[in-house]
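Residue strings, one per chain:
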Amino acid sequence: MGIAGMYVFLHAVKGTPFETPDQGKARLLTHWEQLDYGVQFTSSRKFFTISPIILYFLASFYTKYDPTHFILNTASLLSVLIPKMPQLHGVRIFGINKY
């Protein structure tokens, strides 16, 4: 649930819950794209990148590397890590979350 919640919070929901002085530019960006004004490899971005990896290792260890859980955990990890890549900043794959 933690990795799925992180995906929704950081990569699916767009806009901001408060008024911003950017004249509406933030309404088209996800929280991840707004984080640290889009600067890559800051400490907060590194934290949000490392935390799902740690959750992945813990989940894999506690499920004793069961093949079914391992595949599900790997798929969820990739669904969170791939959107965090700097090459995908602002990119909408297949038009998902375009508007």
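Each remark here, short or long, concerns the structure printed above.
Residues numbered from 1 in each chain as written. Predicted model: local features only at pLDDT ≥ 70, side-chain atom pairs only at ≥ 80, totals over all residues. Heavy atoms only, no water.

S.K.: Can you help me understand the packing of aromatic side chains in this one?
M.R.: Geometrically, a pair of aromatic rings is defined through the distance of the ring centres and the angle of the planes. Under the definition given, this model contains 5 aromatic pairs. For the pair F47 and F48, a centre-to-centre distance of 5.5 Å together with 65 degrees between the ring planes defines the contact as edge-to-face. Considering the side-chain rings of F61 and Y62, the 5.2 Å spacing of their centres and the 75 degrees angle between planes classify their relative orientation as edge-to-face. Exposure remark for Y62: the relative accessible area of 61% places this residue in the exposed category. Of the aromatic side chains, those joined through ring pairs into one cluster are Y56, F57, Y65 and F70. When the ring centre of W32 is taken as reference, the NZ or CZ atom of R45 above it lies at 4.7 Å. Its guanidinium or amino end placed over the ring of W32, K84 lies 5.0 Å from that ring's centre, counting from NZ or CZ. (Phe/Tyr/Trp six-rings, centres within 6.5 Å; stacked < 30°, edge-to-face > 60°. Buried < 20%, exposed > 50% of the residue type's maximum accessible area, 1.4 Å probe, protein only. Lys NZ or Arg CZ within 6 Å of the ring centre and 35° of its normal.)

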